[in-house]
Structure formats: structure tokens, C-alpha cells
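Each chain, written out:
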Amino acid sequence: MRLDELLSKIPEEFRPSCSDDNREITGLCLDSRKIKESSLFAALPSSVENGPDGFDFIPQAIASGATAILVSATKDAAAYETKVAVLKSKNPRQTISLLAAAFSKNQPETLVAITGTNGKTSIATFTRQIWEALGQKAASLGTLGIYPPIPNAPAALTTPDSIGLFNSLKDLSDLGYNHLALEASSHGLDQYRLDGLRLKAAAFSNLSQDHLDYHPDMISYLDAKLRLFRDLLPTGAVAVLNADMPEYEKIVKICAERNHRIISYGHSPSDLQVTKQTPTADGQDLTLSLFGETHKITLPLTGSFQASNIMAAVGLAIGTGADLEKILTVLPALKGVPGRAEKIGKTAKGGTVYVDFAHTPDAVETIIQALRPHTTGKLSIIVGCGGDRDPGKRPLMGGIADKLADQAYITDDNPRTEDPAAIRAQAMAAAPNAIEVDDRKKAIFRAVSDLNDGDLLIIAGKGHESGQIVGDKVLPFDDRIVAQEAINHTLETRN
């Protein structure tokens, strides 16, 4: 594609200046080591303090065949104008996303995005399942990667980089996927990685403390997520909002200004209201008020929070044209999300073990409260906190686990470059009754062996993840596999 043609596809108010648009562009790239002949290299500033600046890698990109470079308008790139086309932008992150969207061209026709601290993966997965059950070729994209898997997909990140994201959208569209539900992280929104999406609807699940190692404060964290509704969701599109959120009215106001059609959900009075939940051995019975009409359904999913996530998915399905009565017929067949309140099995003594992704204070509280009705005995939880991440939530998580569970075990999560003992100490400081175990596998085996008949254990923090980050290495570790090994050990010991 010629550069002038590519630039013409970007709205004029976002179009960068260009020293020479008479170039052929064969691809876009963010990594100077991966440049191919006639590519456009986006020399982005670092997203973290003292991180690498793409501007410093321009010579390497040109030597590798770049024919155009995108730089910040504040940079002096005059020395390169005789060698390549120089694009200058006030917001190069936004520009490369818009360029990526224009270059890739195709996106699934029905595209929805979900933001929020917790629940994004579940909502995206349930939305995909509903669409599939109604006959659509649908996919989901986010923390679990792209599902169903496709060739050349980016790594499993909540929001991939903009070029990887739009390449994947093109691949999905070319493979015939006409519906896609994707997760919109605060990082991705703040870094403009999703600009260029052609959205039909968006959902906001909830907000609680997380990522304050990146965002200066909770106000900034919320503001990043609000970009989805303020800047990305088109005028007149559908906004699916959690009426139980303290921030609900603020979000409604923003959506009203954009003339979005609002579908509310939750336990509070709303369009899609959960009025009664009754836990069963393997799921829950729900009484719902849907646009004022009462409906009763049975879900094969444990955890009270699952009802809210499913109502959000129902809202997205309705907002993109699905019929409510048909949606209700497929809900009882929904399947759980890997690593989200996932039941692993029972021990020799009759204790039940679950694995969950809860890694924030609010999520730890939610999963304990959600699974409490499903146990007749003691409820225990294993909690760990990640290194090189928001340290302020460590005592909060430890304190909540210690207060709400009958027994809390504090162990390691992903310590990264921090001292694991120091991380555990911060969580233990607010958890005087917790048991500290200095190895995650040992913690799981200890907690599983402590279970008696009717007891329930939640292994929180890593969910579906298959690795543990220690230092700069990712070591193989899957809570679900280790939990099953621990359960098997109790059965072998009994025999």
C-alpha cells in the first residue's frame, strides 16, 4: 500500500505530517529487530519511566530496510528525512493504532469490548459462547489469548500491541469470524492500542484497586477505562453498564453525552437484574427481571459473581442484535472459564478444591463470598501477591483473606525481581491468623491436605496461567495441575 493511500484512511484530525508520502509500505513494525524491507517503523516513546525509547533505534530500523518512520512531534528527525519518509505526530501511539487499523483493513463485523478490573475474561468468553450457540462464528480475545486459536496469533495478553491486535482482527475476519468479544485493559486504553476499533458495543464490569504501579492513582485508572466510552465507542452504540458500581452514574453521564444506548445490569434495579440466587451443588438457580419481565434459569456455574458476568454478556448479545428469548434458551449450556472459579476435584476426605484468577483485593473478597454458599465446612484460601506490581494491595489482600476465610495461607505468586519473603511479609502484616508458606507448591499441598469433609479451598491469584515468574525467568507452574497432584496425593495416601 502506498503511504499516501494509507494516510488518507486516517481521519484528518488525527493525520500526522509527512515529509514524503510517495513511498510503498509493505508492513508496520514496533520492533527495529523485526523490520522487513519497505516497512514503517513506529519509534514510540517508552511507556514506563527510564524505559527504552524507540527513537534511539531508528538507525537500526533504517539499516534493516525501513522506508518510513513515525516519531513524536517533539523529536528532531531532520537528519533522517533524506533517507526515509518521516511522519510526525503529537500522539504517535494513537497514530500507529490508526495506521494499523487502516493497513489491516478488515475487522469482524460485530465487535464488542469489555473493560473493568475483574470479570473481563469471563464476560468475553460468555458472550462468545452465547453467539456461538445462536449460530454465529464467534471468537474472544484477551487474557486467555484468541479462542478458538488461530495461526500467528499474538501471545496471550489482555490487550496485545496495536499492530498485533489489528493483524489478528484481519486474520479472524478473513477466516470468517463475524463476531468478536475482546478485553480492553486500562494499559491498552491508556496507550491508545485500541484506537481504530469499529465497535458495536462495550461493557464496564467493575472497578477496584489494581495496576497502581502504572496508574498514578484510582482517578487516573478510572479515566483510562472511561476512554472506551468517551473516545472509542461510536455515538449511538450500546453501553452495557454494571448498575452496582459506585461509579455507575458518572459513566452513565459520559454515555448520555455520547448518545449511547445504555443497557444496565446487576443486582440493583436495572434492565437485566438478578433478583434471587440460590446455590446448588454444581451451580445456581437464578430469578431474573429482564426489562421488567420475570424469568427463571439454572446455571451450571458456581460463584454468585458469575450471574453478573453472564448478565453483562447477555447485554452485549442483545446490544448487537440477538433476541432475548433465544439467548435465554442457551444460557443453561454455558461452560465455565478456565481458571475462573474452576472446580478441580475432591480430596480423599471430601474437601473440594477450586482455582481462581483473583489477584486484587476486591476479587479475593468476591470469590470468597461467591463460594461460601457452596461449602458446609470451613473455607480456606491461598493468596499470593505479585512482585514489581502495586505494593499497596498486598496488605489489603492479606487482610481480606484473613478476615473472610476460615483459614488463609500466604505464599508466593509471581515474585519477579523482588524478594518473595518481603512480599509475603507485607501481606502477613495484615493477616495475623494466616499461615505463611514459602513455596507455592508446598502451600497448595499443605492446604489441600488440611481439608476435611465439606471443606472448600480456593487457590487464588494465577488461575489459567501456566508459568511462575521468578527473577527474569518464567518457570513452568500451573495451579490446576499442582492442585490435581495434591488431590491425587491424598487419594494415594488413603489407599
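Quick note: structure is the one above.
Worth saying up front: this structure is predicted, and the values here are computed from it rather than measured. (Residues numbered from 1 in each chain as written. Predicted model: local features only at pLDDT ≥ 70, side-chain atom pairs only at ≥ 80, totals over all residues. Heavy atoms only, no water.)

## Topic: the overall build of the chain
Here is step 1: In terms of helices and strands, the chain carries 15 helices and 23 strands.
Here is step 2: Rg of the C-alpha trace for the chain: 24 Å, near the compact-globule value of 23 Å for 495 residues, within the 12% margin.
Here is step 3: By its C-alpha atoms, the chain is 75 × 55 × 40 Å across when sized along the principal axes.
Here is step 4: Every one of the 495 residues in the chain was classed for burial, and the buried ones make up 57%.
Here is step 5: Considering only contacts within the chain whose residues lie at least 6 apart along the sequence, 66% involve residues at least 24 apart.
Here is step 6: Within the structure as shown, the chain displays about 20,400 Å² of accessible surface, and the carbon and sulfur contribution to it stands at 49%. (Helix = DSSP H or I, 4+ residues; strand = E, 2+ residues; numbered from the N terminus. Rg over C-alpha atoms; globule rule 2.2 N^0.38 Å. Buried < 20%, exposed > 50% of the residue type's maximum accessible area, 1.4 Å probe, protein only. Contact = heavy atoms within 4.5 Å. Areas by Shrake-Rupley, 256 points an atom, 1.4 Å probe, with all protein chains shown as cover.)

## A few points about the environment of Ala-138
Here is step 1: Structurally, Ala-138 can be placed in strand β7 (residues 138-142).
Here is step 2: Judged by relative accessible area, Ala-138 falls into the buried class, the value being 2%.
Here is step 3: Taking the C-alpha atoms as reference points, Ala-138 and Pro-108, separated by 30 residues in sequence, lie 8.9 Å from one another.
Here is step 4: Filtering out sequence-adjacent residues up to four positions away, Ala-138 remains in contact with Arg-128, Trp-131, Glu-132, Tyr-147, Pro-148, Tyr-177 and His-179.

## What about the pairing of strand β6 (residues 110-115)?
Here is step 1: Across the six residues of β6, six count as buried, placing the element largely inside the fold.
Here is step 2: Judged by which residues are buried, β6 turns out to be covered on both faces: Thr-110, Val-112 and Ile-114 on one side and Leu-111, Ala-113 and Thr-115 on the other are all buried.
Here is step 3: The pairing of β6 with strand β9 (residues 179-183) spans five bridges and is classified as parallel. Residue pairing for β9: Ile-114 is matched across the bridge by Glu-183.
Here is step 4: Note: β6 against strand β10 (residues 201-204), four bridges, orientation parallel. Paired with Thr-115 across the two strands is Phe-204, which belongs to β10. (Pairing = 2+ DSSP bridges.)

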